[in-house]
Amino acid sequence: MEEVNLAATAISLNVRLRSSDMLAHMQQHALRFTRSLVDDYYSESSAPKTSRPNPTHLARALKKEFDDAYGPAWHCVVGKSFGSFVTHSPAGFLYFSIDSLSVLLFKTEVQLVKES
């Protein structure tokens, strides 16, 4: 049932899921949050519709949102064209596209370094 809800969310937000290893509610959080950032850019900006949101700003905002909601250490890459090969924590990977941008969001383990 969660997969059906996730698919419906993706369709309603005009988002294309590419690959994931993430719980459905976290995927929905990422899709909805990213869509709101993109929509806010167009509604608050006097920029022409042919321009697009700053990928660095989107990546920073999505990373911060996930760090705050699910703990560190999330990483986010946003752009039109990029390659990647990453190691991620279990249930901590999502790759999707929204409008003309691709978004890669993933989590890695953080281990404290102990000084001897």
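What counts as what
- Residues numbered from 1 in each chain as written.
- Predicted model: local features only at pLDDT ≥ 70, side-chain atom pairs only at ≥ 80, totals over all residues.
- Heavy atoms only, no water.
- Helix = DSSP H or I, 4+ residues; strand = E, 2+ residues; numbered from the N terminus.
- Buried < 20%, exposed > 50% of the residue type's maximum accessible area, 1.4 Å probe, protein only.
- Contact = heavy atoms within 4.5 Å.
- Pairing = 2+ DSSP bridges.
- Axes fitted to C-alpha atoms, helices over the stretch in contact; angles between N-to-C directions.
- Expected span 1.5 Å × (residues − 1).
- Arc of directions from axis to C-beta.
- Polar contact = N/O pair within 3.5 Å; in protein donor to acceptor, adjacent residues only side chain to side chain.

Q: Mind laying out the side chain of Gln28, listing which residues take part and the relevant values?
A: Inspection of the secondary structure puts Gln28 in helix H2 (residues 24-44). The class of Gln28 is buried, set by a relative accessible area of 17%. Once you skip the residues sitting within four places of it in the chain, Gln28 turns out to touch Asn5, Leu6 and Thr9.

Q: Go over the sheet that holds strand S3 (residues 93-98) with me, naming the residues and quoting the values.
A: Note: strands within a sheet are paired through backbone hydrogen bonds, in either parallel or antiparallel orientation. The sheet built from four strands is open, its strands ordered S1-S3-S4-S2 with antiparallel pairing. This sheet does not close on itself; its edge strands, each paired only once, are strand S1 (15-21) and strand S2 (74-79). The mean inter-strand angle of the sheet, taken between neighbouring strand axes irrespective of direction, is 10°. Summarising the sheet, S3 and strand S4 (residues 101-107) pair through six bridges and their orientation is antiparallel. Bridging from a neighbouring strand, Ile98 pairs with Leu101 of S4. Sitting on the sheet, H2 is in contact with S1, S2, S3 and S4, with an inclination near 35° to S3.

Q: An account of helix H3 (residues 55-70) is requested, with residue identities and associated values reported.
A: When the terminal C-alpha atoms of H3 are compared, their 22 Å separation across 16 residues agrees well with the 22 Å that a helix rising 1.5 Å per residue should span. All of the buried residues in H3 are Leu58, Ala59, Leu62, Phe66 and Asp67. Here the buried residues of H3 occupy an arc of 160° about the axis, which is enough to place them on one side. Residues of H3 that are exposed and point over 90 degrees away from its buried face: Arg60, Lys64 and Asp68. In this structure, the buried side of H3 is in contact with H2, S2 and S4. Among the residues of H3, the N-terminal cap falls to Asn54, whose side-chain oxygen and the backbone nitrogen of Thr56 are separated by 2.8 Å. Once H3 finishes, Gly71 follows within two positions and takes phi at roughly 85°, a positive value.

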